[in-house]
Amino acid sequence: MKNFTRPFLSILILVLVLTAAFTFRGLIREGNYKEDLIELSKVKYGLFNVDEWKEAISEIITVEIEDFRLDESNRPELEHKISSLLYTAVDDLEKSYYQENSQSILGFLKGGVVYVTDIFGNIRLEIPNFTDQILDFLNDADNRAKIKGFLVQKLNDYADGTFSQTDYSEVDKILTKYNQSNLEDAKSFVNSKIQESSKGTAVGKGLLIFLAFVSGGVLLLDKSLSMAEIPLLLAICLTYLVLGLSLPMIEIDARISELSFRLLGHDVAFLDQVLFFKSKSILEVVSLMIFQHKIEVLIIGILVLLFSVVFPTLKLICVWVFSRNPARASSRFFKFMLFKSGKWSMADVFVVTIFMAFIGFNGIITEQTKQLENVSDRLDVLTTNQSSLMHGFYLFLIFVILSIGISNRIQNLNE
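Residues numbered from 1 in each chain as written. Predicted model: local features only at pLDDT ≥ 70, side-chain atom pairs only at ≥ 80, totals over all residues. Heavy atoms only, no water.

(A) Fine view of the overall build of the protein chain. For the protein chain, the count of helices and strands is 15 helices and four strands. Taking all 415 residues of the protein chain together, 38% fall into the buried category. For the protein chain, contacts bridging at least 24 residues in sequence account for 78% of all contacts bridging at least 6. (Helix = DSSP H or I, 4+ residues; strand = E, 2+ residues; numbered from the N terminus. Buried < 20%, exposed > 50% of the residue type's maximum accessible area, 1.4 Å probe, protein only. Contact = heavy atoms within 4.5 Å.)

(B) Expanded view of the side chain of Ser41. As for its position among the elements, Ser41 is in the loop between α1 (2–40) and α2 (50–66). Given the relative accessible area of 3%, Ser41 is considered buried. A polar side-chain atom of Ser41 sits 2.9 Å from the main-chain carbonyl oxygen of Leu37. Those residues in contact with Ser41, other than ones at most four positions away along the chain, are Lys187, Asp272, Gln273 and Val274. (Polar contact = N/O pair within 3.5 Å; in protein donor to acceptor, adjacent residues only side chain to side chain.)

(C) The pattern of salt bridges, seen in detail. Within the structure shown, the criterion is met by eight salt bridges. Across the pair Glu229 and Arg6 runs a salt bridge, and its minimum N-O distance is 3.4 Å. In this pair, Glu229 sits in the loop between α9 (183–221) and α10 (230–246) while Arg6 sits in helix α1, placing the two residues 223 residues apart along the sequence. (Salt bridge = Lys/Arg side-chain N within 4 Å of Asp/Glu carboxyl O.)

(D) Structural context of the environment of Glu94. Mapped onto the fold, Glu94 is located in helix α3 (residues 75–100). Distance from Glu94 to Phe120, taken between C-alpha atoms, is 6.7 Å for residues 26 residues apart in sequence. Look past the residues within four positions of Glu94 in its chain and what remains in contact with it is Phe120 and Arg124.

(E) Broad picture of the pairing of strand β1 (residues 250–263). Judged by how many residues are buried, β1 sits mostly within the fold: ten of 14 residues are covered. The pairing of β1 with strand β2 (residues 266–280) spans 13 bridges and is antiparallel. Note that in β2 the partner of Ile250 across the bridge is Lys280. Sheet topology note: the β1/strand β4 (residues 388–389) ladder contains two bridges and is antiparallel. Looking at the pairing, Ile250 lines up with Leu389 of β4. (Pairing = 2+ DSSP bridges.)

(F) Looking closely at the packing of aromatic side chains. Enumeration according to the criterion identifies five aromatic pairs in this entry. A ring pair is formed by Tyr45 and Tyr168, whose centres lie 6.1 Å apart and whose planes are at 25°; its orientation type is stacked. Taken together, the residues span a long stretch of sequence, with Tyr45 in the loop between α1 and α2 and Tyr168 in the loop between α7 (141–162) and α8 (169–177) at a distance of 123 residues. Assessed through its relative accessible area of 4%, Tyr45 is described here as buried. Members of the aromatic cluster, connected to one another through ring pairs, are Tyr33, Tyr178 and Phe189. (Phe/Tyr/Trp six-rings, centres within 6.5 Å; stacked < 30°, edge-to-face > 60°.)

(G) View of unusual backbone geometry. In this model, Asn179 sits at a positive phi of 55°, which is unusual for a non-glycine residue. Along the chain, Asn179 turns up in the loop between α8 and α9. Positioned with a positive phi, Asp272 is a non-glycine residue whose angle comes to about 55°. With respect to the element layout, Asp272 can be found in strand β2.

(H) Fine view of the nonpolar core. Counting residues in hydrophobic clusters, the biggest one holds 45 residues, and the most contacted among them are Ile236, Tyr240 and Ile406. Elements with a minimum of two residues in this core: α1, α9, α10, β1, α11 (282–290), α12 (295–324) and α15 (391–414). The element best represented in this core is α10, accounting for ten residues. The next biggest cluster of nonpolar side chains, apart from the first, holds twelve residues, and it includes Leu40, Val171, Leu175 and Val190. (Core = buried A, V, L, I, M, F, W, Y, C linked by side-chain atoms within 4.5 Å.)

(I) Fine view of empty space enclosed by the protein. Under the counting rule described, the total for this entry stands at two cavities of 30 Å³ or more. The calculated volume of the second largest cavity comes to roughly 30 Å³. Lining the second largest cavity, in full, are Ser215, Leu219, Leu233, Ile236, Cys237, Leu402 and Ile406. Where the lining of the second largest cavity is concerned, the elements lending two or more residues are α9, α10 and α15. Looking at the lining of the second largest cavity, the element that brings in the most residues is α10, giving three residues. Within the lining of the second largest cavity, the residues separate by chemical class into six nonpolar, one polar and no charged. (1 Å grid on protein atoms, 1.4 Å probe; cavity = no way out; pocket = protein on both sides within 12 Å on 5 of 7 lines; lining within 4 Å. Points joined across faces, edges and corners; volume = space filled by probe spheres on them. Nonpolar A, V, L, I, M, F, W, Y, C, P; charged D, E, K, R; others polar.)

(J) Structural detail: the layout of surface pockets. If you add up the space inside the largest pocket, you get close to 750 Å³. Along its surface, the largest pocket is lined by 36 residues, and Gly31, Lys34, Glu35, Phe277 and Ser279 are the ones closest to its centre. Elements with a contribution of two residues or more to the lining of the largest pocket: α1, α8, α9 and β2. Ranked by the residues each element gives to the lining of the largest pocket, the list is headed by α1, at eleven residues.

(K) View of the confidence of the model for the protein chain. Looking at the protein chain as a whole, the pLDDT averages 77, with 78% of positions reaching at least 70. Mean pLDDT across the secondary structure elements of the protein chain bottoms out at helix α14 (residues 346–372), with 54, and peaks at α8, with 91. (pLDDT = per-residue confidence, 0-100.)

(L) Molecular detail of the environment of Gly31. Note that Gly31 resides in helix α1. In sequence terms Gly31 and Leu247 are 216 residues apart; their C-alpha atoms lie 9.5 Å from each other.

See below:
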């Protein structure tokens, strides 16, 4: 078994490195696709986009006007409504006219002439004819088309003059990138690319987990394992550390899955509106923190860098040096790093912290998004929290477990 262990571990490392490179490239590509899809699905291009509202209302206006038809069943009702409106308008005009002309002698004379000639009375007599003319005008297809164009134009003018315009520069870049003509087609295309990429990396992810179990099995079960094979196990451990640090650990994703309501008797719905999304690896988070101008953020970034990157790497280096020269075990520093750092190490604590942070974010986002569902009885709101632990978390966890296993094994070998 002893002669078999080293070649087996060498082959294991080769397979692991190739799998890691293939899977890493695929996951990064999948992440880029997802970032593009998130950009296309942001709420600022949907629910908070005036252009979307203009399109929805314009469609309602178009349908309502095109569906307008006069027949024996609805004409009497429309005649009554229009004539009532005209009678009310004439009454208000007459009242206003007499009030305005009651303040002067000239006005009093003008009012007297109007009263004697009964101008407003004659107008009331013509209201039935006016009503028929209005209905005939509305029943003409060409006139309805003109009315529709007028209303849509007024809607656009009002919206453009009232609301700020949406910046489509990022959307345009994505459309050009994927050679798509509109946002919905681009979303469908990018989503298909994500599914395609996910299928391609599924085998790699499964193989990475399998190889981790195999490596752990060697640590636990191979009684012939000697100090000479420790560097090979360190190479495996280092591979998982690099992957764990480079790939996203947590994905925070809060969105409105569906918001629907009725407007002027028509159903209006906004689907899959992203409210907030963040997906960062440890290295990306550290980079962001270190380059911030706030001292407290910088300090936290440095601590995260020390306990998640520097400390684990330094520990692996010490194990490698010790495997090459066991006499180093006499050094107090090496003794601490090799045999006593496990209880003080922040690596496993960091993984637990990531997990607890995920639970906290998950609960907060779920609670906040659920509040949207109670905004109004007239709105049907379905929110969703798609936050999840990502590949970086599990790969970093594998590194922590393997590194603890290696430390325990060399301690046993040293006894």
